[in-house]
Amino acid sequence: MPRVNRTVVLALLIVSSSVFLLFQLYYYRKYVSKSGPHVLSQTGHLTATDVQWTVKKFLALAQRFRLPMFLADTAVLTLLSQDAVRQRDRQAREPHCSFLCTGRPITSFALHANLWKYDPGFLLAAQQKGFELMELWGEDPRLSSLDTLSGEEVPLHFLFRLQGYIIQVVFLYERSGNYLWHGAIRLRTNMDRSFAPFKLLDYGRHAGAYDRPELVLTVLDGLDVQVPRNVSRFLSEQRHARFLECRYRDAHNFLQLYPDDSSPAALEFRRKTKSLLHVAARTLAHLDIPFWLSSGTCLGWFRQCSIISYSHDVDIGIFIEDFRWDIVAAFGDAGLSLKHKFGKVGDSLELSFLRDDVKLDVFFFYKDGDVVWNGGTQAKTGRKFKYVFPRFSLCWAELLEVKVRVPCETLDYVTANYGSSWSIPVRSWDWKSSPSNVQENGAWPLAEWAELIQVY
């Protein structure tokens, strides 16, 4: 048997080891260290150490540049709002990363944009620390109006990526209605759509509106962070935060065809309406009763970004399940006197209030399968009417510098009420026959008029 040449064997071993090391290096660079949608450990999961290290690195930068920021991540805040038993169970599984390690490749923060001046130095420092950055900008709606149809661009979202993990920073801007607003994410054609798992982001699918949260400083997994004091309330707001911007361009075109009334009487009506809407919104918010703009008030917001000066009233809707009898007393304390009460809680309830010669009509809506409806009553005859709408969800909007709700499906809502010609002003309007969705609904028994038809 021939003797094995030791030099040849040693050379083969060296070559084999080098090839194996090169393969490992290639695999590491391509599949592990490359920035992508996930950071994976040997088990294929995000590691607690990586998550903690990435967030800690980012928070250190934010503190260095004094970013007015708070934790807005829904998964982390949900853990904060849960009971102590579940918290202890989680701590037993992840003793060093009880909150930040949610299993998601994202942590979200919110930044008070009005308290921070855009600083390129912060972004440069983040890049020097290894973060990749995607800046998402959009028009500033605070600068838009019927005269100026588009505002300057402002930063809306920053996405920081490190080893595949995403830190989202959503900019919250103060609006004139004393609330905070953030814009939607709109990727431009030249942007990398694989930069982040956009469908998993907490913020950006649509614009959002929030009350200003009170913040507290706390320690999560050894890191100092600010969080909303009332976590449950903030999470509830986040689930229902969708915001619809006024359609300034369409409103501008409408007013070119049908100029708005600028007479002293019309200007005085707008002033009184703005005051009434402020009081109504504040009173119902104190009672925790959601309402939305309905009928002509909703049409005015949708069509011309304002009120209809010849309507002479304000119309709002409330779902009947949110009705409380102390609405009347609360409005009374706010200076609104009850003008009439029609119907009953189980059928066609309607309240009307008066303040400073402007009427507030409150229509209560009833859910019935695929539709919702509100009732109407003719006081002289006891005749009943029904106004039917397709089901809708509620979005935030702004009218006369007041944060209000409107049906998200506003076009369907307005079309149901005013027909396909809703964009054409109609000054002569009969509430019993003009609406497209009105139906006869019988009459109240004469014996019940004293209870169901009350005029003050």
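Residues numbered from 1 in each chain as written. Predicted model: local features only at pLDDT ≥ 70, side-chain atom pairs only at ≥ 80, totals over all residues. Heavy atoms only, no water.

Q: How do you make sense of the overall build of the chain when you look at a structure like this?
A: The secondary structure content of the chain amounts to 12 helices and 20 strands. Looking at the 456 residues of the chain, the share that counts as buried comes to 48%. Restricting the contact set of the chain to residue pairs at least 6 apart, pairs at least 24 apart contribute 67%. Carbon and sulfur atoms provide 53% of the accessible area of the chain, an area that totals close to 23,800 Å². (Helix = DSSP H or I, 4+ residues; strand = E, 2+ residues; numbered from the N terminus. Buried < 20%, exposed > 50% of the residue type's maximum accessible area, 1.4 Å probe, protein only. Contact = heavy atoms within 4.5 Å. Areas by Shrake-Rupley, 256 points an atom, 1.4 Å probe, with all protein chains shown as cover.)

Q: Is there a simple way to explain a nonpolar patch on the surface in this structure?
A: A surface patch of nonpolar side chains, about 300 Å² in accessible area, is lined by Leu257, Tyr258 and Ile424. Looking at the secondary structure, you find Tyr258 in the loop between helix 7 (248-257) and helix 8 (264-286). (Patch = residues over 30% accessible without salt bridge, like charges linked within 9 Å, V, L, I, M, F, W, Y side chains within 5 Å. Salt bridge = Lys/Arg side-chain N within 4 Å of Asp/Glu carboxyl O.)

Q: What should I look at first to understand the environment of Ser81 in this one?
A: Residue position: Ser81 is located in helix 3 (residues 74-81). Assessed through its relative accessible area of 33%, Ser81 is described here as partly exposed. Distance from Ser81 to Ser232, taken between C-alpha atoms, is 6.2 Å for residues 151 residues apart in sequence. When residues no more than four places from it in sequence are discounted, the contact partners of Ser81 are Val231, Ser232 and Leu235. Of note is the side chain of Ser81, whose polar atom sits 2.9 Å from the backbone oxygen of Thr78. (Polar contact = N/O pair within 3.5 Å; in protein donor to acceptor, adjacent residues only side chain to side chain.)

Q: It is not clear to me how unusual backbone geometry should be interpreted in this structure. Could you clarify?
A: Excluding glycine, most residues fall at negative phi; most peptide bonds, likewise, are trans. Although it is not a glycine, Gln163 sits at a positive phi angle of roughly 50°. Structurally, the position occupied by Gln163 is in the loop between strand 4 (153-162) and strand 5 (165-175). Of note, the phi angle at Asp288 is positive, near 60°, even though the residue is not glycine. Topologically, Asp288 is positioned in the loop between helix 8 and strand 10 (292-293). For Asp288, a relative accessible area of 62% puts it in the exposed group.

Q: Looking at this structure, I do not really get helix 9 (residues 295-304). What am I missing?
A: Side chains that are three or four residues apart share a direction in an α-helix, a result of its 3.6 residues per turn. Counting buried positions along helix 9 gives 10 out of 10 residues, so the element sits mostly inside the fold. Of all the positions in helix 9, only Ser295, Gly296, Thr297, Cys298, Leu299, Gly300, Trp301, Phe302, Arg303 and Gln304 are classed as buried. Looking at the residues trailing helix 9, positive phi occurs at Cys305, about 55°.

Q: Would you mind showing me how to read the nonpolar core here?
A: Considering soluble globular proteins, one finds that nonpolar side chains tend to be buried as a cluster. Among the nonpolar cores identified, the biggest contains 61 residues, and Trp301, Leu360 and Phe364 are the most heavily contacted of them. Not counting residues up to four positions away in its chain, the partners in contact with Phe364 are Ile318, Phe319, Ile320, Phe323, Ile327, Leu349, Glu350, Leu351, Trp373, Asn374 and Gly375. (Core = buried A, V, L, I, M, F, W, Y, C linked by side-chain atoms within 4.5 Å.)

Q: Before we go on, may I ask you to explain the pattern of salt bridges in this structure?
A: Side chains that differ in charge, positive against negative, can pair when their charged atoms come close. Taken as a whole, this structure holds 23 salt bridges when the rule is applied. Put simply, Arg175 and Glu245 hold a salt bridge, and the shortest N to O gap is 2.8 Å. Residue Arg175 is found in strand 5, and its partner Glu245 is found in the loop between helix 6 (231-239) and helix 7; the two are separated by 70 residues along the sequence. Judged by its relative accessible area of 9%, Arg175 falls in the buried class. Accessibility expressed as a relative area gives 27% for Glu245, which makes it partly exposed. Between Arg383 and Glu440 there is a salt bridge, and its shortest N-O distance comes to 2.6 Å.

Q: Whenever I open this one, the environment of Ser262 confuses me. Can you help?
A: Tracing the backbone shows Ser262 in the loop between helix 7 and helix 8. For Ser262, a relative accessible area of 58% puts it in the exposed group. In the structure, Ser262 is positioned 47 residues away from Ser309 in sequence and 9.2 Å away in space, judged by C-alpha atoms.

Q: How do you make sense of the layout of surface pockets when you look at a structure like this?
A: Using a probe with the size of a water molecule, rolled over the atoms, empty space left in the structure can be pinpointed. Taken as a whole, the largest pocket holds about 1,100 Å³ of empty space. In terms of lining residues, the largest pocket is bounded by 38 residues, among which Asp211, Glu237, Trp396, Lys403 and Arg405 are the most central. When contributions to the lining of the largest pocket are tallied by element, the ones reaching two or more residues are strand 6 (179-182), strand 7 (208-210), helix 6, helix 8, strand 17 (394-399) and strand 18 (402-407). If one sorts the elements of the lining of the largest pocket by residue count, helix 8 sits on top with 6 residues. Among the residues forming the lining of the largest pocket, the class breakdown is 15 nonpolar, 10 polar and 13 charged. In terms of lining residues, the second largest pocket is bounded by 37 residues, among which Asp313, Asp315, Tyr418, Trp429 and Trp431 are the most central. Elements that contribute at least two residues to the lining of the second largest pocket include exactly helix 9, strand 11 (313-319), strand 12 (337-344), strand 14 (358-368), strand 15 (371-377), strand 16 (383-390) and helix 11 (410-418). (1 Å grid on protein atoms, 1.4 Å probe; cavity = no way out; pocket = protein on both sides within 12 Å on 5 of 7 lines; lining within 4 Å. Points joined across faces, edges and corners; volume = space filled by probe spheres on them. Nonpolar A, V, L, I, M, F, W, Y, C, P; charged D, E, K, R; others polar.)

Q: Would you take a moment to explain the side chain of Ser108 for this structure?
A: Within the element layout of this structure, Ser108 appears in strand 2 (residues 106-112). Excluding anything up to four places from it in sequence, Ser108 contacts Leu71, Ala72, Asp73, Gln168, Asp202 and Tyr203.

Q: Looking at this model, I keep getting lost on the pairing of strand 11. Mind explaining?
A: Two faces make up the sheet, and in a regular strand the side chains alternate between them. Along strand 11, 7 of the 7 residues are buried, which leaves the element largely enclosed by surrounding structure. By the alternation rule, side chains of strand 11 split into Asp313, Asp315, Gly317 and Phe319 and Val314, Ile316 and Ile318, which are all buried. Two strands pair when backbone bridges link them, and strand 10 and strand 11 are joined in this way by 2 bridges, in the antiparallel orientation. Its bridge partner being in strand 11, Trp292 is matched across the sheet by Gly317. In this structure, strand 11 lies alongside strand 14, joined through 7 bridges in parallel fashion. Residue Asp313 lies in a different strand from strand 14, and its bridge partner there is Lys359. (Pairing = 2+ DSSP bridges.)

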